[in-house]
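Fold and contact review
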Amino acid sequence: MKRYQQQFNAFPSDYLNNLWGEIHACPYFAINNLNRDFVGTKGFSVVFTRSHLFKVEQQFPYFKPYLDLALQTNCNAFYLNPLLLKEGSRVDPHIDRSLRSYCKTVEPPAVVSVLYVRVPPDMEGGELVLRSHKRQLGQIKPQINTLLYFQGDLTHSVNAVKTSGNRLSLVCEQYSLSEAELQEIPEFTVESRVAQSPKKSRRYT
Ligand SMILES: O=C(O)CCC(=O)C(=O)O
Ligand SMILES: [Fe+2]
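Quantities reported herein were computed from a predicted structural model and do not represent experimental measurements.

A look at the nonpolar core
Phe44, Phe63 and Tyr66 are the most contacted members of the largest nonpolar core, which has 34 residues in total. Counting only elements with at least two residues in this core, the list comes to α1 (13-25), β4 (45-49), α2 (53-59), α3 (64-70), β5 (77-94), β6 (111-118), β9 (147-151) and β11 (167-175). Leu85, Tyr116, Ile140 and Val171 belong to the second largest nonpolar core, which has 19 residues in total.

Here it is as structure tokens:
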């Protein structure tokens, strides 16, 4: 694969509207606690292995068309997250490696797929910047209904959104793990601030 590639007009437009509605209606959809790099964003995450793809499709049927198209056959573990940015939100430079909380030795994903579900018209800011060893490879201006794939070991960031409106992307980190690593990954679990038990959730009082 090239370092990144884009597939334009990936889905029928009613699918994007459906995704938008379903993600907002989902009880897990809440202020993100992904990590400090995600500033002012909302979302939730579904962690699953290929053997439990059927569970994702059962519990979140609206993700199925995306998964059917975007999942790579050589990958066996996935971290799927809808991500909402509004005016002032940004994502600081990082390499996706969300499965590290389950398995310390995990390498970055083989590939990351991103579908742009909604983007404010005439959005200023909000570009995805891809880098390899400090060298900028591309600055991608999100377009609705574009499915982007990028090599999973690239450092990337999202510039602060300067326009009002919503930038919703559906991101999937796709890993090709060894059998031993795969044992450490939950077969199916949802991560959300909403799903945290009262004991675990931090309170700022
Ligand atoms: O929405 C994007 O363009 C990328 C978001 C991102 O980097 C992530 O969710 O890890
Ligand atoms: Fe990322």
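Continuing now.
A short note on the site of ligand 1
Neighbouring residues of ligand 1: Phe38, Asn81, Leu83, His94, Asp96, Tyr116, Leu128, His156, Val158, Arg167, Ser169 and Val171. In this structure, His94 approaches ligand 1 through a side-chain N or O atom, which is 3.2 Å from an oxygen atom. Between an oxygen atom of ligand 1 and a side-chain N or O atom of Tyr116, the distance comes to 2.7 Å. With the chains in place, 99% of the 300 Å² that ligand 1 exposes on its own is no longer accessible. Secondary-structure elements contributing two or more residues to the shell around ligand 1 are β5, β10 (155-158) and β11. In terms of residue class, the shell around ligand 1 is built from six nonpolar, four polar and two charged.

Focus on unusual backbone geometry
Located in the positive-phi region is Asn9, a residue other than glycine, with phi close to 50°. Take Asn9: it is sitting in the loop between β1 (4-7) and α1. Its identity as a non-glycine residue notwithstanding, Asn145 has a phi of 70°, on the positive side. Looking at the element boundaries, Asn145 is found in the loop between β8 (135-140) and β9. We classify Asn145 as buried; its relative accessible area is 6%.

What about the environment of Ile95?
Considering the arrangement of structural elements, one finds Ile95 in the loop between β5 and β6. Sequence spacing of Ile95 and Arg3 is 92 residues, and the spatial spacing of their C-alpha atoms is 14 Å.

Some points on the pattern of salt bridges
A complete count under the given rule lists two salt bridges for this structure. Here Arg90 and Asp92 are joined by a salt bridge, their closest N and O atoms 2.7 Å apart. Judged by relative accessible area, which is 33%, Arg90 ranks as partly exposed. Classification of Asp92 as partly exposed rests on a relative accessible area of 22%.

A look at the coordination of the iron ion (ligand 2)
The iron ion (ligand 2) binds to the protein through His94 (NE2), Asp96 (OD) and His156 (NE2), with metal-donor distances spanning 2.1 to 2.2 Å. Along the chain, the residues that donate to the iron ion (ligand 2) are spaced as H-x1-D-x59-H. Of the two residues, His94 sits in strand β5 while His156 sits in strand β10, which places them 62 residues apart along the sequence. An identical accessibility class is assigned to His94 and His156; each is buried.

Focus: the UniProt feature "domain: Fe2OG dioxygenase" (unreviewed entry) in the protein
Cross-referencing UniProt, the feature "domain: Fe2OG dioxygenase" (unreviewed entry) maps to residues 66-176 in the present numbering. What you have in residues 66-176 is 5% helix and 50% strand, and the ends, taken at the C-alpha atoms, are 19 Å apart.

Notes on the packing of aromatic side chains
Counting across every chain of the model gives nine aromatic pairs. When the ring of Tyr28 is compared with that of Phe44, the centres are 6.1 Å apart and the planes differ by 45°; the resulting orientation is tilted. Here Tyr28 is found in the loop between α1 and β2 (30-31), whereas its partner Phe44 is found in the loop between β3 (38-43) and β4, with 16 residues between them in sequence. Exposure remark for Phe44: the relative accessible area of 1% places this residue in the buried category.

Brief notes about the pairing of β3
Looking at chain direction, β2 and β3 are connected through two bridges and run antiparallel. By the bridge assignment for β3, Ala30 is matched with Gly43. Here five bridges tie β3 to β5, and the two strands are oriented antiparallel to one another. Bridge assignment links Thr41 to a residue of β5, and that residue is Leu85.

So, how was this worked out
- Residues numbered from 1 in each chain as written.
- Chains lettered and ligands numbered in written order.
- Predicted model: local features only at pLDDT ≥ 70, side-chain atom pairs only at ≥ 80, totals over all residues.
- Heavy atoms only, no water.
- Core = buried A, V, L, I, M, F, W, Y, C linked by side-chain atoms within 4.5 Å.
- Buried < 20%, exposed > 50% of the residue type's maximum accessible area, 1.4 Å probe, protein only.
- Helix = DSSP H or I, 4+ residues; strand = E, 2+ residues; numbered from the N terminus.
- Near = heavy atom within 4 Å.
- Polar contact = N/O pair within 3.5 Å; in protein donor to acceptor, adjacent residues only side chain to side chain.
- Areas by Shrake-Rupley, 256 points an atom, 1.4 Å probe, with all protein chains shown as cover.
- Nonpolar A, V, L, I, M, F, W, Y, C, P; charged D, E, K, R; others polar.
- Salt bridge = Lys/Arg side-chain N within 4 Å of Asp/Glu carboxyl O.
- Donors = N, O, S within 2.8 Å, 3.2 Å for Na, K, Ca; no water.
- UniProt positions renumbered as here; feature names shortened; annotations may be inferred.
- Phe/Tyr/Trp six-rings, centres within 6.5 Å; stacked < 30°, edge-to-face > 60°.
- Pairing = 2+ DSSP bridges.

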